[in-house]
Amino acid sequence: MAILEVKDLQAYYITHKYGRSTSVKAVDGVSFQVEKDEIYGIAGESGCGKSTLLKAISGLAKPPLEILAGEVTYNFDGERLDILALNDEKQRRKLRGARISLIPQGSMSVLNPVRRIRKSFEDIIRAHLDVSAEEFEEMVRKHLDALGLDWTVMHTYPHQLSGGMRQRITIALSTILKPDIVFADEPTTALDVVVQRGVVQLIRKIKEEQRSTLVLVTHDLSIHAKLCDRLAVMYAGKIVEEGEVESIFSTPRHPYTRMLLNSLPKLGDSSARSSAPGAPPSLVNPPSGCRFHPRCPHSMELCRLEVPELLEVGSGHRVACFLERRGADAQRQAVGS
Amino acid sequence: MHSGKLLEASDLTKVFTKGQGFVRSTIEAVSRVSLSLDLAKPEIFTLAGESGSGKSTVAKLILGFEAPTSGKIWYRGRPIANLKGTKEFMKDVQPVFQNPFETFNPLKKVQSYFFETERNFAGSAQGSYPLTEKSLELVGLNFSEIKDKYPSEMSGGQLQRASIARALITNPALLIADEPVSMIDASLRMSVVNLFKTLKEEQRVSIIYITHDLATAYYISDRIAIMLRGQFVEVGSVKKVLDNPLHPYTQLLKSSVPDPDPRSRWEEDIALSDLETREYTRRGCKFAGRCPQVQKICCEGEPDYHAVDDRLVKCHLYS
Ligand SMILES: Nc1ncnc2c1ncn2[C@@H]1O[C@H](COP(=O)(O)OP(=O)(O)OP(=O)(O)O)[C@@H](O)[C@H]1O
Ligand SMILES: Nc1ncnc2c1ncn2[C@@H]1O[C@H](COP(=O)(O)OP(=O)(O)OP(=O)(O)O)[C@@H](O)[C@H]1O
Ligand SMILES: [Mg+2]
Ligand SMILES: [Mg+2]
């Protein structure tokens, strides 16, 4: 059962400067579903709209980010609600923290520098629960234990901790209320591989113990490979490919996905590697048709003119590329007959 | 004695105090670290190692942002203590900070960092910023993408690339890049890393590259130092160290590098270090608590450096 359904979401940054308005089309027609208990990964080019997507679906859009269209429906224990339709900020805030939790990108820096870690825990817990001092301590201790963190960190200030420690604390903070769905934006960035693996372990443990669902944004494709059930690849405001992790890694279909996977360097290999040609496109005036066409080695006339739809090409594997259209047609016929 | 060296750091130690009251402890975040870079032969020197092992602190010491508790650093034969803050030094040695979200003041337009740097160090006239545009293009950004924007209006990877671009404006001789590509996708990451290689080869820029990404380290660097709790535990050519790691900690690091293959998931749990401060204040070898090859002596005495197979290893196994 889907815990989250996103339909045709459009979220633009609209700014008015010098009497002109510009819109950055950061999320432009995105649809996907996340099943309960799964780990859904999102990868994509720097600046393509991943963080914006997470902001929009967790109900955190505020000017200049505007939702122009779309639905974001959550399904908690049979109760369906469209977070975009909730216009009461109080209701939304209650949902966040308790039901939905977002670990923002660069979140190591969201810890308040002049407050001890303990205070940050108190803030978040007291905002949602009425607990005694003993209950508070017991709750936090148990949680920290499970995450391999020591109680003494509670007395420290953020700047006294290393990046890895701060990151683990942010994760601890955002999961202490046992939310149903956690959105994590680059949670393993800048951690060494051992701690990265520890964080992955931790996230999986939280997922199993708390039975929560996880949406994970990261540039680290190896983390996606090790952790996720399904993966979506974004390019310039759109999902261009989506499918089971195994299937994306073994048979990537979209030329952008292929380029991304090909640019991964391997330990022990220092032969020259290239990257996708050209620079990321502007989201103010994105390229016509398929937004990848100016950088695509297989670009055809059609790609410049029309926007390819995200179509199914094999079990649960969807691709937005005209090259795959034949495959998709065959699939549809097979289903139809 | 320092002639012929671009940078020479000898026996650097930095002590920090953490916590308060009875949980107060002091740690040597950097402990007797030495490194030097040749003037004649520019190189990319990687610092890798566990989170919280003192990599950023080493960077801050070299940049003169923190003063070492003991030890000395010379830049082109002159003590950093005298050079720091001078225009010459700031032009020559450029930092890229670890977290781009903390690098830029949220209340200041991103472009102002570029304009200031270009005016102060390259002497460009007010209102014309050719170097800004050029260096942004090197990292896949267009000036229009940062124009009039505040940091919160840019994505993490865009900020990180802007931070690299800013550092390149002054045409530095030494770039100290602390996790410079952690927030950008694999493809752009390769283009930045290739840029570093070109800078070294064509413009003779030396780079101290701090990263957790051993694959890119292997790809671009000449030498690597593996840090653990303030100490260099293995130092040598990147090929030697990563092809055939000798220190058990380097071996653990290498075996933890995830391969991008979903068919082999991580099944078994690994032991994470207990509280940092506990390892920092440990007697003997800092890794003894987690080392699969631990011996009695490891918990008693600190290992010396041993020269084995063209590198230095700080481990009792090689005594
Ligand atoms: N407040 C804002 N005003 C205008 N444009 C913005 C704002 N915030 C983000 N953008 C732009 O929206 C686009 C998408 O940004 P977003 O942060 O979602 O990217 P991302 O995919 O998360 O990138 P990264 O991987 O680098 O973090 C970028 O081009 C960015 O410059
Ligand atoms: N100003 C400070 N006061 C007290 N302790 C500090 C201070 N700065 C750093 N430390 C401590 O020194 C140790 C080394 O920190 P440092 O930031 O240099 O590590 P790092 O290797 O860069 O880690 P990461 O990979 O997580 O960025 C950590 O235990 C950190 O908590
Ligand atoms: Mg982002
Ligand atoms: Mg650091």
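Residues numbered from 1 in each chain as written. Chains lettered and ligands numbered in written order. Predicted model: local features only at pLDDT ≥ 70, side-chain atom pairs only at ≥ 80, totals over all residues. Heavy atoms only, no water.

Remarks on the overall build of chain B
Just so we agree on the cut-off: Counting from the N terminus, the helices are DSSP H or I runs at least four residues long and the strands are E runs at least two residues long. Computation of the radius of gyration draws on C-alpha atoms, with the globule rule given as 2.2 Å multiplied by the number of residues to the power 0.38. For the exposure calls, accessible area comes from a 1.4 Å probe over protein chains only, and a residue counts as buried if that area is under 20% of its type's maximum, exposed if over 50%, partly exposed in between. Only the protein chains shown count as cover for residues, and the accessible areas themselves come from Shrake-Rupley with a 1.4 Å probe. Charged-residue counts in this description rest on Lys and Arg as positive and Asp and Glu as negative, His and the chain ends being excluded. Here the site of a charge means NZ on Lys, CZ on Arg, CG on Asp, or CD on Glu.
Along the backbone of chain B there are 13 helices and twelve strands. The C-alpha atoms of chain B give 20 Å as radius of gyration, which agrees with the globular expectation for 319 residues (20 Å, within 12%). Structurally, chain B occupies a C-alpha span of about 65 × 55 × 45 Å along its principal axes. Of all 319 residues assigned to chain B, the portion counted as buried reaches 59%. Carbon together with sulfur atoms contributes 50% to the accessible area of chain B, which is approximately 13,000 Å² in total. In chain B, 41 positive and 39 negative side-chain charges are present, and the distance between their average locations comes to 4 Å.

Digging into a nonpolar patch on the surface
Rules: Residues forming no salt bridge and having over 30% relative accessible area are the ones grouped into patches, like charges within 9 Å of each other and nonpolar side chains (Val, Leu, Ile, Met, Phe, Trp, Tyr) within 5 Å. For salt bridges, the criterion is a side-chain nitrogen of Lys or Arg within 4 Å of an Asp or Glu carboxyl oxygen.
On the surface, a cluster of nonpolar side chains totalling about 200 Å² of accessible area is made up of M300(A), L302(A) and L323(A). Relative to the assigned elements, M300(A) resides in the loop between α9 (255–262) and α10 (301–305).

Some words on the sheet that holds strand β5 (residues 79–82) of chain A
Residue and element names in this part refer to chain A. Worth spelling out the cut-off: Strands pair, by our definition, only if DSSP identifies at least two bridges between them. Interaxial angle, 0 to 180 degrees, is taken between N-to-C directions of lines fitted to C-alpha atoms, where a helix line uses only the stretch in contact. The contact rule is simple, with two residues in contact once any of their heavy atoms fall within 4.5 Å.
The strand order across the open sheet built from four strands is β2-β1-β4-β5, with neighbouring strands paired in antiparallel fashion. In this open sheet, the two edge strands, each paired with only one partner strand, are β2 (20–35) and β5. Here the strands of the sheet are splayed against their neighbours by 10 degrees on average, with no regard to which way each runs. Pairing geometry for strand β1 (residues 2–17) and strand β4 (residues 65–76), over eight bridges, is antiparallel. When the sheet's bridge partners are listed, E5 is paired in β4 with T73. Against the sheet, helix α1 (residues 50–57) makes contact with β1, β2 and β4, and its axis sits at roughly 110 degrees relative to β1, the strand it touches most.

Digging into the coordination of the magnesium ion (ligand 3)
To be explicit about the condition: A donor here means any N, O or S atom no more than 2.8 Å from the metal (3.2 Å for Na, K and Ca); water is not included, so a site may seem to lack partners.
Those protein atoms acting as donors to the magnesium ion (ligand 3) are S51(A) (OG) and Q105(A) (OE1), and they sit at 2.0 to 2.1 Å. Taken together, the positions of S51(A) in helix α1 and Q105(A) in the loop between β6 (100–103) and α3 (117–128) put the pair 54 residues apart, joining distant regions of the chain.

Thoughts on the site of ligand 2
Rules: Near is defined per residue: the residue qualifies when any heavy atom it owns lies within 4 Å of the molecule or strand. We call two N or O atoms a polar contact when they sit within 3.5 Å, provided that within protein one can donate a hydrogen and the other can accept it, with sequence-adjacent residues counted only if both atoms are side-chain atoms.
Around ligand 2, the surrounding shell holds 22 residues, and the nearest of these are Q160(A), K18(B), G52(B), S56(B) and T57(B). Here an oxygen atom of ligand 2 sits 3.0 Å away from a polar atom, N or O, in the main chain of S53(B). Out of a free accessible area of 640 Å², ligand 2 has 90% covered by protein chains. Contributing elements (two or more residues each) for the shell around ligand 2: α5 (163–175) of chain A together with β1 (5–18), β2 (25–38), α1 (55–63) and α13 (276–280) of chain B.

Concerning the site of ligand 1
For the record, the criterion: Only Asp, Glu, Lys and Arg are considered charged, only Ala, Val, Leu, Ile, Met, Phe, Trp, Tyr, Cys and Pro nonpolar, and every remaining residue, Gly among them, polar.
Looking at ligand 1, there are 23 residues lining it, with S51(A), T52(A), S155(B), G157(B) and Q158(B) nearest. At the site occupied by ligand 1, nearby residues are drawn from chains A and B. K50(A) places a polar main-chain atom, nitrogen or oxygen, 2.8 Å from an oxygen atom of ligand 1. At a separation of 3.0 Å, an oxygen atom of ligand 1 approaches a polar side-chain atom of Q105(A). Relative to its unbound accessible area of 640 Å², ligand 1 is 94% covered by the protein chains. Of all the secondary-structure elements, those providing two or more residues to the shell around ligand 1 are β2 and α1 of chain A together with α8 (156–168) of chain B. Of the residues in the shell around ligand 1, the class split is seven nonpolar, twelve polar and four charged.

Thoughts on the interface of chain B and chain A
What counts here: The quantity reported as buried area is the accessible area (1.4 Å probe) lost by two parts once they are put together, taken as the sum for both.
Contacts between chain B and chain A engage 63 residues on the former and 65 residues on the latter. Interface area for chain B against chain A, summed over the two sides, is near 5,800 Å², with a carbon-plus-sulfur share of 58%. Counting every contact that joins chain B to chain A gives 18 residue pairs in polar contact (both at pLDDT 80 or more). Contributions of two or more residues to the side of chain B that touches chain A are made by β1, α4 (100–103), α8, α9 (186–203), α10 (214–220), α11 (238–243), α12 (248–256) and α13 of chain B. Top contributing element to the side of chain B that touches chain A by residue count: α9(B), with eight residues. For the side of chain B that touches chain A, the residue count by class is 22 nonpolar, 21 polar and 20 charged.

Geometric descriptors of this kind do not, in isolation, establish any biological role.
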